[in-house]
Amino acid sequence: MTSAQGWQSFDLLLTCMVVADRAGRIEWVNIATQHLFERSRRSFQEFSLESLFEDKENFQKAFETIVNQRAMSVTFVGVIAKLDDAVLVSASLHMDNDRVIMELHPIDQQTLSERSIRLAREIEIYQETFRNLAHEVKNPLGGIRGAAQLLDMELDNPAQREYTQLIAAEVDRLQQLVDRLIRPAQAGLQRTMFNIHEVCERVYTLMRAEYQDKLSIIRDYDASLPEICADREKIVQIYLNICRNAAQALLGAPEIKSPTITLKTRIKSRQFLLDKVYRQVLVISVIDNGPGIPNHIVDRVFHPLVTGRPEGTGLGLSLAQELARQHKGVIEFDSYPGRTEFRILLPLEEV
Ligand SMILES: Nc1ncnc2c1ncn2[C@@H]1O[C@H](COP(=O)(O)OP(=O)(O)OP(=O)(O)O)[C@@H](O)[C@H]1O
Ligand SMILES: [Mg+2]
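Within every chain, residues take consecutive numbers counted from 1 along the sequence as written. In the order they appear in the text, chains get letters beginning with A and ligands get numbers beginning with 1. Local features in this predicted model are restricted to residues whose pLDDT is 70 or higher, and side-chain atom pairs enter the listing and the counts only when it is 80 or higher, whereas totals over whole chains, interfaces and linings include all residues. Hydrogens are left out, water is left out, and the side-chain values use all remaining heavy atoms of the structure.

J.: Got a minute to help me understand the environment of histidine 135 in this structure?
T.: Secondary structure is summarised from DSSP: a helix means a run of H or I of at least four residues, a strand means a run of E of at least two, and numbering begins at the N terminus for each. Inspection of the secondary structure assignment puts histidine 135 in helix α3 (residues 109-154). The class for histidine 135 is partly exposed, based on a relative accessible area of 42%. Taking the C-alpha atoms as reference points, histidine 135 and leucine 315, 180 residues apart in sequence, are found 16 Å from one another. Between buried and exposed lies partly exposed: a residue is buried under 20% and exposed over 50% of the maximum accessible area for its type, with that area taken using a 1.4 Å probe on protein chains only.

J.: Looking at this model, I keep getting lost on unusual backbone geometry. Mind explaining?
T.: Excluding glycine, a negative phi dihedral is what most residues carry, and trans is how most peptide bonds are arranged. Within the chain, glutamine 69 stands out as a residue other than glycine whose phi angle is a positive 55°. Among the secondary structure elements, glutamine 69 is positioned in the loop between α2 (56-67) and β3 (73-81). Backbone geometry at lysine 328 places phi at a positive 65°, although glycine is not the residue there. As for its position among the elements, lysine 328 is in the loop between α7 (316-326) and β11 (330-336). A relative accessible area of 44% means that lysine 328 is categorised as partly exposed.

J.: Looking at this structure, I do not really get the site of ligand 1. What am I missing?
T.: For this description, a residue counts as near a given molecule or strand if any of its non-hydrogen atoms is within 4 Å of it. Residues in contact with ligand 1 amount to 22 residues; listed here are only the nearest, Asn245, Asp288, Thr307, Gly308 and Thr313. N or O atoms within 3.5 Å of each other form a polar contact, as long as, within protein, one can give a hydrogen and the other can take it, and as long as residues adjacent in sequence are counted only when both atoms are side-chain atoms. Aspartate 288 places a polar side-chain atom, nitrogen or oxygen, 2.8 Å from a nitrogen atom of ligand 1. Taking glycine 316, its main chain carries an N or O atom lying 3.3 Å from an oxygen atom of ligand 1. Exposure was quantified through the Shrake-Rupley algorithm and a 1.4 Å probe, taking into account, for residues, occlusion by the shown protein chains and nothing else. Burial of ligand 1 by the protein amounts to 92% of the accessible area it has alone, namely 600 Å². Here ligand 1 is seated within the second largest pocket. Looking at the shell around ligand 1, the elements with two or more residues in it are α6 (232-251), α7 and β12 (339-350). It is α6 that contributes the most residues to the shell around ligand 1, three residues altogether. Class assignment of the residues belonging to the shell around ligand 1 gives a composition of 10 nonpolar, nine polar and three charged. Within this scheme a cavity is a closed region of a 1 Å grid, computed over the protein atoms alone, that accommodates a 1.4 Å probe without allowing it to escape, whereas a pocket is open but has protein on both sides within 12 Å along at least five of seven lines; lining residues each have an atom within 4 Å of a point. Pocket or cavity membership: a molecule qualifies when more than half of its atoms sit within 2 Å of the grid points of that site. For this classification, Asp, Glu, Lys and Arg are treated as charged, while Ala, Val, Leu, Ile, Met, Phe, Trp, Tyr, Cys and Pro are nonpolar and the rest, including Gly, are polar.

J.: Could you clarify how one ought to interpret the layout of surface pockets in this entry?
T.: Summary: where empty space remains is shown by rolling a probe the size of a single water molecule over the atoms. Grid points are joined across faces, edges and corners, and a volume is the space filled by probe spheres set on the points. The computed volume of the second largest pocket comes to approximately 730 Å³. Asn245, Gln248, Thr307, Gly308 and Arg309 are the residues nearest the centre of the second largest pocket, which is lined by 30 residues in total. Broken down by element, the lining of the second largest pocket gets its largest block of residues, seven residues, from α6. Residues of the lining of the second largest pocket, tallied by class, amount to 12 nonpolar, 13 polar and five charged.

J.: Explanation requested: the domain arrangement of the protein in the structure shown.
T.: Put simply, an interface is often sized by how much accessible area is lost when its parts join up. Segmentation of the protein into domains returns domain 1 (8-107), domain 2 (110-185) and domain 3 (192-350). Any two residues whose heavy atoms approach within 4.5 Å at even a single point are treated as in contact. With five residues of domain 1 in contact, the opposing surface of domain 3 contributes four residues. Accessible area, probed at 1.4 Å, shrinks when two parts are joined; the buried area is that loss added up over both. With both chains or domains summed, domain 1 and domain 3 bury close to 480 Å², and 43% of this area falls on carbon and sulfur atoms. The rule for a salt bridge is simple: a side-chain nitrogen of Lys or Arg has to be within 4 Å of a carboxyl oxygen of Asp or Glu. Our count for the domain 1 to domain 3 interface comes out at two salt bridges. Note that glutamate 57 is salt-bridged to lysine 264, the shortest N-O span being 2.5 Å. Where domain 1 meets domain 3, there are three residue pairs in polar contact (both at pLDDT 80 or more). Counting residues per element, the side of domain 1 that touches domain 3 draws most heavily on α2, at four residues. Among the residues forming the side of domain 1 that touches domain 3, the class breakdown is two nonpolar, one polar and two charged. Throughout, the edges of the domains are those of an automatic or database domain assignment.

J.: Please explain the side chain of aspartate 334 as it appears in this structure.
T.: Relative to the elements of secondary structure, aspartate 334 occurs in strand β11. There is a polar contact of 3.2 Å between the side chain of aspartate 334 and the side chain of arginine 343. Beyond its immediate stretch of four places on either side in the chain, aspartate 334 contacts Arg339, Thr340, Glu341 and Arg343.

Below you can see the structure in the form of structure tokens.
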């Protein structure tokens with residue numbers, strides 16, 4: 001292996017470190033990496049970073065972002081291929097002068113599952129709290145609105161009536177928020193068999209009507225997907241919430257030259273979701289080339305009432321995550337400036 005000089009200190013780390021050139025050719029690996037792959041340092045020679053991954057797509061996107069300097073560092077989840085095994089890793093790429101440095105952290109599937117179960121529980125607790133609060137707020141709202149209307153009828157001065165109308169309008173806005181907080185409790189799925197592309201097309205048409213030529217929408221469907229047994233209206237709701245977020249992020253960033261949303265569908269085999277491995281999982285992605293999720297909310301986007309938009313209520317994603325969970329599915333994302341992808345993962349078959 002060449003260019004080892006300067007990298008030896010990585011041998012002291014327990015983290016797997018791989019050094020490559022700008023073309024992605026591996027130049028050096030540390031001891032932890034040799035242990036992970038159960039291969040000698042020399043055997044990595046002439047291998048590319050890409051060849052370490054079983055699923056090339058996430059790697060390629062991240063690699064391209066790094067070498068084109070669109071971000072300082074990118075983290076993604078990948079599957080690395082070992083001789084007789086596959087390991088899920090969290091991989092980070094960054095540039096150091098003209099070298100690409102990659103860090104690999106194996107992800108214990110137990111941890112992954114615990115994390116998504118914990119997130120789901122957290123959301124449930126928040127929602128329960130907000131729902132109780134919403135019920136408390138709902139009753140007085142009716143009274144305030146009624147009183148404002150009575151007062152409005154008593155007043156002759158139009159300048160004063162403006163205030164009563166303002167009260168009524170603000171109460172209506174609060175009422176809508178309260179209704180949205182209460183609504184997700186109405187569970188119960190009405191499952192039917194359908195082709196997911198019917199939902200995609202409906203959402204596509206709605207988005208076209210809503211945003212017209214303000215942004216481009218590309219469809220990248222895998223036409224061979226099997227039908228799914230799910231609650232069609234709820235899947236539309238999940239999908240629409242995510243698409244609207246993408247559109248709002250794009251329109252909120254006028255510096256983006258050609259705002260584009262890509263609607264993508266794929267199938268994944270042997271996927272771990274929540275607490276089970278499924279033979280087949282439907283992956284519905286919404287990708288945008290917008291500014292990315294603001295840093296200060298990125299860890300909490302699925303929590304209710306967390307919003308990065310002045311006019312947002314912060315309920316879209318928490319509702320979407322709850323609806324996905326009712327289908328034993330999960331919504332996940334990765335986001336950095338220039339590319340945000342939300343994926344709706346819905347199980348088709350259990351192993
Ligand atoms: N594609 C995206 N790009 C950038 N930021 C996003 C994207 N999707 C979501 N976000 C951020 O996550 C926040 C939370 O989204 P969520 O849908 O839960 O609430 P909201 O859109 O603010 O309000 P609501 O959906 O209730 O009208 C958004 O306010 C936005 O800041
Ligand atoms: Mg939203």
